[in-house]
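# Tertiary structure, described
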Amino acid sequence: MVVLGLWDGHDSGAALLVDGELVAAANEERFTRRKLEITFPRHSLRWCLDRQGLTPSAVDLVATCTTDPAKALGRWFPSTKEQYYAVRRRKAEPGLAQRFTGLAKYRLTELRPGRLSAAASRRAVRRDLRTVGLGATLLEIHDHHECHAACAFLGGVDPCVVLTIDGLGDGLSSSVTVLRDGQLRRVAATPATDSIGVFFERVTNLLNMRELEDEGKVMALADYATPVPDEDNPILKVLAADGLRFRTSVPGHALHGELKRIHWRYSNEQFAWMAQRAVEKAIVEVAAAAVAHTGLRTIALAGGVASNVKASRAVRMLPEVDDVYVFPHMGDGGLAAGAAVLASVRRGVPPPRPLADAGLGPEFDAGQMEAALRAAGVPFERSADPAGAAACLIAQGLVVLWFQGRMEYGPRALGNRSILARPDRTDIRDRLNRLLKRRAWYQPFCPSMLESDAREVLADLKGRPNRHMTMAYLVAEAARPRLAGVIGVDGSCRPQIVAENDASPYAKMLRALKRELGMGAVLNTSFNIHGEPLVCTPDEAVDVYLRTGADALVLGPFLVKAR
């Protein structure tokens, strides 16, 4: 049974299931090199098939999602998506047309799907499938939030209660679903007009940041404000929990004006803090209500708002919650995997095994890596122990670009396409930010660490070790100097916790680093320049090395050191 999952919206991509196992997944941006690509994922779907040696005729079923009127319009008239993409990513000059585009987006996306929009979407998707040889393949289009919820199958958390929380899709902005015995059953949903995701988009925009992209910066900026009591936080009247649902004081299309009046009275930092507090409070209350309603103490989170690691930590720390799983590609970019899993399970195929490794993308052999180095004229040497060599360079205080194995699926670098440095040096962190990442100064980097070290340095471990860097943790006071380069001003970090017996080159590097520094931890950030997608190919890795002036590049078995 071969199921090809597709998503043709924000952060479009493809995923391939063979007999219920997720064998390949990638997003279109990694091939087109346009951040958070919005076009039909022809490159990623072709790569998925090529990876398994399959032709289009071998695909039994294509699965995708979302048939609301806004999605149907974007599928039939791609120029409307391009216009909004240009506005959102600040590629278009501000003006009346841009304001109209933004308003139209929020108005249209609140509409629920109907027969006309569903039929129009089906015809448009079928048209695009014909261009890649899949025009006659069976096609299923599922509900947006059901596909988010289906990602919980990849967490191995059956039974659990699944919370999907995002901007909106198919007329909804969140849902509460029970996963039990391989079946999903929705018990509540929030309409698109009361969207916590749109609320945070509006906050992001008012802070002159890019919505659907910079929400993490808002969360980080909030740490630099003075907390205020809930009774003095006016934003808590704009966003709140209502049992198993969220509620906003006005619909999403009107939130801008409501929040702008509040923002006018407060600094950016204070405004960010109050908004983050509202998000955490609302999510925690809905999560607690979901546990009480279902009796299930394990929670799975998906949807773009699940990328808010402070909110997911707050859910994890609830006394009535035993464990929290966050799908590593929690936003719309993971919908292709969710659609494929949902379609497969509903056809009687057993659910996939838990996703242990997010390395589901392209990989390259040593010959391809060597060719990229030679083509660029970069001096290199072949190392018998690239992991040990990288650990030695990192311990010396150098910044190392690290390229190994299959590219990660999702927004996090997890040791396959990573930039690495010592975790304890703030001067190295600042140099890395200035020369390579060029991010906001207040946005912290994240660590990877061996599980044994995590148990020593993290003060609030609870539930399963987080393998995919999707959750915030507090660092114990005594350990903070050793992790000074990877913690926020509030003492928290977002770690990737690596199993001791992991056989990957990355885990081997961490074990070697532990011998050098006494701790198996490293600053790990994504292998890209800010604003660009994660590197995919050896050529792209070499290009970033040359453009940034990094100290070293470990490309598979090859070592490049700046002279």
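That block above? That's the structure.
Residues numbered from 1 in each chain as written. Predicted model: local features only at pLDDT ≥ 70, side-chain atom pairs only at ≥ 80, totals over all residues. Heavy atoms only, no water.

### Observations concerning unusual backbone geometry
In this chain, Asp158 is followed by Pro159 through a cis amide linkage whose omega measures 5°. Positive phi is not limited to glycine here, since Asp11 has a value of about 60°. Its location among the elements puts Asp11 in the loop between strand E1 (2-7) and strand E2 (13-18). Phi at Arg90 is positive, roughly 60°, even though this residue is not glycine. On the secondary structure map, Arg90 appears in the loop between helix H4 (78-88) and helix H5 (96-108). (Helix = DSSP H or I, 4+ residues; strand = E, 2+ residues; numbered from the N terminus.)

### Quick word on the pairing of E2
Along E2, five of the six residues are buried, which leaves the element largely enclosed by surrounding structure. With six bridges joining them, E1 and E2 adopt antiparallel strand pairing. Note that in E2 the partner of Leu4 across the bridge is Leu16. What sits between E1 and E2 in their antiparallel hairpin is a turn of five residues, with Asp11 showing a positive phi close to 60°. Two elements, E2 and strand E3 (residues 21-27), share six bridges in a ladder whose sense is antiparallel. The residue of E3 that forms the bridge with Ala15 is Ala25. Connecting E2 to the next strand, E3, in antiparallel fashion are two residues, including Asp19 with a positive phi near 50°. (Buried < 20%, exposed > 50% of the residue type's maximum accessible area, 1.4 Å probe, protein only. Pairing = 2+ DSSP bridges.)

### Points about helix H8 (residues 196-206)
Within H8, 10 of the 11 residues are buried, leaving the element largely enclosed by the surrounding structure. Buried within H8 are the following residues: Ile196, Gly197, Val198, Phe199, Phe200, Glu201, Arg202, Val203, Thr204 and Leu206. Sitting at the head of H8, Ser195 places a side-chain oxygen 3.2 Å from the backbone nitrogen of Gly197. Positioned one or two residues after H8, Asn208 has a phi angle of 60°, which is positive. (Polar contact = N/O pair within 3.5 Å; in protein donor to acceptor, adjacent residues only side chain to side chain.)

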